[in-house]
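Given next are the chains, with one letter for each unit.
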Amino acid sequence: VGCVDLEKITISTDNEVYHSAGNCIIETQTKTLIAGCKNSVIPDDGSVTILDRAFFGCPGLNNIVIPNSITVIIDSFVFCNDMKKITIPSSVKEISGAFPLFSSHLVNIKFDGTKSQWKSVYNSFYDVLHGVTIHCTDGNIKN
């Protein structure tokens, strides 16, 4: 985590604790994506349900689509200063500390749920999304 130029991640198939998919390191038992790189694609096969500091310090990442299997996003995109677009499904039930240090650079958050759902999912105590518009299915929220 925090490797600016990291482009590829692989884990030995003999590893009993972690596996890799989509250029991501996944803790197999908990289904937690713990590290990604600028070329990561979050697996959408159900092998990942939690993003926990997964892309912390990954400035090369500029666009990410969160798959429907993800339910929790914690501290995942801190110091992702090149992030321009993130798509979040309504399957996500908790977002905490995900965006605190790059929100001034973020251009577009698309949430595939309603404004009411976003407000119940997003913990604004830990995040500061000044000037960012959240595009929801029933309209926009301007922070």
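Anything mentioned here points back to the structure above.
Owing to the predicted nature of the structure, the values given are computational and were not obtained by experimental measurement.

So, on to unusual backbone geometry. Positive phi, close to 60°, is recorded for Lys31, a residue that is not glycine. Along the chain, Lys31 falls in the loop between strand S2 (24–27) and strand S3 (32–36). Even without a glycine there, the phi angle at Asp75 is positive, about 50°. Note on placement: Asp75 falls in the loop between strand S6 (72–74) and strand S7 (85–89).

Within the open sheet, the five strands sit side by side as S5-S7-S9-S11-S12. Their pairing is mixed. Only two strands of the sheet have a single partner each, and these edge strands are strand S5 (63–65) and strand S12 (139–142). For this sheet, the mean inter-axis angle between neighbouring strands, taken without regard to orientation, is 15°. Sheet topology places strand S11 (residues 133–136) next to S12; four bridges connect them, and they run antiparallel. Counterpart to His135 in the pairing with S12 is Asn140.

A few words on the packing of aromatic side chains. Evaluation of the coordinates by the stated rule reveals three aromatic pairs. Ring geometry for Phe55 versus Phe77: centroids 5.6 Å apart, planes at 5°, classification stacked. Taken together, the residues span a long stretch of sequence, with Phe55 in the loop between strand S4 (50–52) and S5 and Phe77 in the loop between S6 and S7 at a distance of 22 residues. For the pair Phe55 and Phe77, one class covers both residues: buried. Relative to Trp118, the ring of Phe111 lies with its centre 5.3 Å away and its plane at 65°, an arrangement referred to as edge-to-face. There is no split in this pair, since Phe111 and Trp118 are both buried. Through successive ring pairs, a cluster of aromatic residues spans Phe111, Trp118 and Tyr122.

Parameters and conventions
- Residues numbered from 1 in each chain as written.
- Predicted model: local features only at pLDDT ≥ 70, side-chain atom pairs only at ≥ 80, totals over all residues.
- Heavy atoms only, no water.
- Helix = DSSP H or I, 4+ residues; strand = E, 2+ residues; numbered from the N terminus.
- Pairing = 2+ DSSP bridges.
- Axes fitted to C-alpha atoms, helices over the stretch in contact; angles between N-to-C directions.
- Phe/Tyr/Trp six-rings, centres within 6.5 Å; stacked < 30°, edge-to-face > 60°.
- Buried < 20%, exposed > 50% of the residue type's maximum accessible area, 1.4 Å probe, protein only.

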